[in-house]
Amino acid sequence: MTTPIRPAASVLTAALSLAALTSSPTASGQELGAVQAPSSPLILRSRGSFLVGGENVTQTPTQLSYFTPQPPPAGTRVTVNQMYVEYMVPMLQRGAPVVMIHGATLSGKSYDTTPDGRMGWFEYFVRRGHPTYVPDQVSRGRSGFDISTYNDVRAGVKPVSALPNFWRFGDELVWTQFRFGPTFGTAFPDEQFPVEAVGELSRQAIPDLNYVLPSPNPNIAATARLATQLNGAVLMGHSQSGTLPLDAALADPTGIRAMVLLEPGGCRSTQFTDTQIAALAKIPILAVFGDHLDAVTGTVVNWQNQFNDCNAFLARVRAAGGVAEMLHPPTLGIRGNSHMIMMDRNNLQIADLILTWIGRNTRAGNQPR
């Protein structure tokens, strides 16, 4: 099934867009009443959640910030750096498992119901027959984070300079960085992101704690381990996690059947060695970029440069004998997609293009080499 192309979103006035961003906390695009009910039931074999990875470490009472009459003895143990994963398995499985990993200042919510209440990729991929697994990155959302450094600083055990950085995108910067329009409050004429519900995107953003993480980033090992547990999965990363599938494949390619890179912040085309490229060439790779890549973002990120870098990376992989393709909807006559392509008005149309590629590259016999 291919979703027909929807008409381009009309130009919204700056006043309307700004009102959406500055609306009261109870007036948003995705209150319960705005969630659209599907026309047919979702039939599952199973749904649930689990955790991948993590380290059981010893921390002091100060690091755990105990507030009890009898503090625990030194040497109390806790688990850190674990990855939370939510999943749905369809009753009728017709395709490979898919893992969807979110980007910066966000959580797995990115792939669920869209800001204006439409079906997200999490449910849609399941309806198309793919068991689908949606993590919260280690240090984000339901995966939690290691609080020890913050409590050590609070207690004076460590200096303030030891504090890792928390960060979030501001609404004004999101507008240009994610290419909703050329300036805050003004949408591109063909913009596909539902800017009337942009306030809901602000509500679902959460503090980004990636600077808390040790090196190497534990998301890499957790993602590779998840793919292995699934006995072969398609890894999909977005933006900050756009190249996480590549890093996971270099760590352990055992369970990775294909990789989808959604607008990564660069593909590091010149940073991979020839040996690494040869290893990555054993797994099919699809990169996906939306429209208006030459727009001014207001940050050091230039999406046209990232697009060019990914094309150069894909060329290196193809030269090594791999399957490496670019999906750029404007070349197909599909205009106006934003950085949040999984939330755009035509998100299911883009999903169908990705699903077609996944089906073509994960058929029986097409296993990691």
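Residues numbered from 1 in each chain as written. Predicted model: local features only at pLDDT ≥ 70, side-chain atom pairs only at ≥ 80, totals over all residues. Heavy atoms only, no water.

Draft legend 1. Representation of helix α7 (residues 218–229) within the structure. The end-to-end C-alpha distance of α7, which contains 12 residues, comes to 16 Å, matching closely the 16 Å that a straight helix rising 1.5 Å per residue would cover. Taken together, the buried positions of α7 are P218, N219, I220, A222, T223, A224, L226 and A227. The N-cap of α7, judged by a side-chain oxygen 2.8 Å from the amide nitrogen of N219 a few residues on, is N217. One or two residues past the end of α7 sits N231, with phi positive at roughly 60°. (Helix = DSSP H or I, 4+ residues; strand = E, 2+ residues; numbered from the N terminus. Expected span 1.5 Å × (residues − 1). Buried < 20%, exposed > 50% of the residue type's maximum accessible area, 1.4 Å probe, protein only. Polar contact = N/O pair within 3.5 Å; in protein donor to acceptor, adjacent residues only side chain to side chain.)

Draft legend 2. Here's a closer look at the sheet that holds strand β1 (residues 44–59). In spatial order, the strands read β1-β2-β4-β3-β5-β6-β7-β8; together these 8 strands make up an open sheet with mixed pairing. The two strands at the open ends of the sheet, each matched to only one other strand, are β1 and β8 (324–327). Neighbour-to-neighbour, the strand axes of this sheet turn through a mean angle of 20°, independent of strand direction. The pairing of strand β7 (residues 285–288) with β8 spans 4 bridges and is parallel. Bridge pairing links I285 to A324 in β8. Against the sheet, α7 touches β1, β2 (76–90), β3 (98–101), β4 (132–136), β5 (233–238) and β6 (256–262), its axis set at about 140° to β1. (Pairing = 2+ DSSP bridges. Axes fitted to C-alpha atoms, helices over the stretch in contact; angles between N-to-C directions. Contact = heavy atoms within 4.5 Å.)

Draft legend 3. Structural view of the state of the cysteines. Per the counting criterion, the structure on display carries 1 disulfide. Between the sulfur atoms of C267 and its disulfide partner C310 the distance amounts to 2.1 Å. Of note, the bridge from C267 to C310 carries an S-S torsion of about 85° and is right-handed in sense. Highlighted residues: C267 in the loop between β6 and α9 (274–280) and C310 in helix α10 (residues 303–319), separated in sequence by 43 residues. Take C267 and C310: they sit in the same class, and that class is buried. (Disulfide = S-S within 2.5 Å.)

Draft legend 4. Looking closely at the confidence of the model for the protein. Taken residue by residue, the protein gives an average pLDDT of 89. The fraction at 70 or more is 88%. Of the regions scoring below 50 in pLDDT, residues 1–27 engages in 45 contacts with residues more than four places distant in sequence or in other chains. (pLDDT = per-residue confidence, 0-100.)

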